[in-house]
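Here are the chains, one letter per residue:
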Amino acid sequence: MTPGQDSDTRQLVRLLDDVAVARPGGIGRPRKRLDSLSADKAYSSRGNRHSLRARGIPHDIPEKDDRRPTAPGEGHAVVARPRSVRTATGSATPSNG
């Protein structure tokens, strides 16, 4: 339990450390790794995503609208710009870049 003013997102890694799912029949060590995780945008911090990737836990956490991807493979796919841009007359002109 945390005080009401404390951010829940900071507790995700601690929660993952405390997860222990008993094996069927109670025999053997409890499982520590989740099959997957679903959460809301509040848990989309870079630290949380990094911890999930490091543990090999696939997740379904939407990104905040104001967050830009910084790591390869993270966030939205990068779309290459076309080499030329068609003008209103239909002729191709080279683009900048």
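Residues numbered from 1 in each chain as written. Predicted model: local features only at pLDDT ≥ 70, side-chain atom pairs only at ≥ 80, totals over all residues. Heavy atoms only, no water.

Participant: Which parts of the structure should I look at to understand the overall build of the protein chain?
Facilitator: In terms of helices and strands, the protein chain carries two helices and four strands. Secondary structure of the protein chain in N-to-C order comes out as α-β-α-β-β-β. Here the protein chain, with 97 residues, has 18% of them falling under the buried criterion. Surface summary for the protein chain: the accessible area is close to 7,900 Å², and the carbon and sulfur share equals 54%. (Helix = DSSP H or I, 4+ residues; strand = E, 2+ residues; numbered from the N terminus. Buried < 20%, exposed > 50% of the residue type's maximum accessible area, 1.4 Å probe, protein only. Areas by Shrake-Rupley, 256 points an atom, 1.4 Å probe, with all protein chains shown as cover.)

Participant: When you look at the pattern of salt bridges in this model, what are you seeing that I'm missing?
Facilitator: One side chain can pair with another of opposite charge once the charged atoms of both are near each other. This structure, assessed with the given rule, holds two salt bridges. The salt bridge partner of Asp17 is Arg55, with a shortest N-O separation of 2.8 Å. Placement of Asp17 in helix H1 (residues 12–18) and of Arg55 in helix H2 (residues 46–55) is noted, with a sequence separation of 38 residues between them. On the basis of relative accessible area, Asp17 is assigned to the partly exposed category, the value being 39%. With a closest N to O distance of 3.3 Å, Arg31 and Asp35 form a salt bridge. Residue classification places Arg31 among the partly exposed residues on the basis of a relative accessible area of 27%. On the accessibility criterion, Asp35 (60% relative accessible area) is exposed. (Salt bridge = Lys/Arg side-chain N within 4 Å of Asp/Glu carboxyl O.)

Participant: Looking at this model, I keep getting lost on H2. Mind explaining?
Facilitator: Turn by turn, an α-helix covers 3.6 residues, leaving residues three or four places apart pointing in a common direction. Along H2, the residues that are buried comprise Asn48, Arg49, Ser51 and Leu52. In an axial view of H2, the angular spread of the buried residues amounts to 160 degrees, which keeps them on one side of the axis. As for H2, its buried residues are in contact with H1, strand E1 (37–38) and strand E2 (59–60). Just downstream of H2, Gly56 is the residue with a positive phi angle, here 70 degrees. (Arc of directions from axis to C-beta. Contact = heavy atoms within 4.5 Å.)

Remember that the coordinates give geometry; whether it matters functionally is a separate question.
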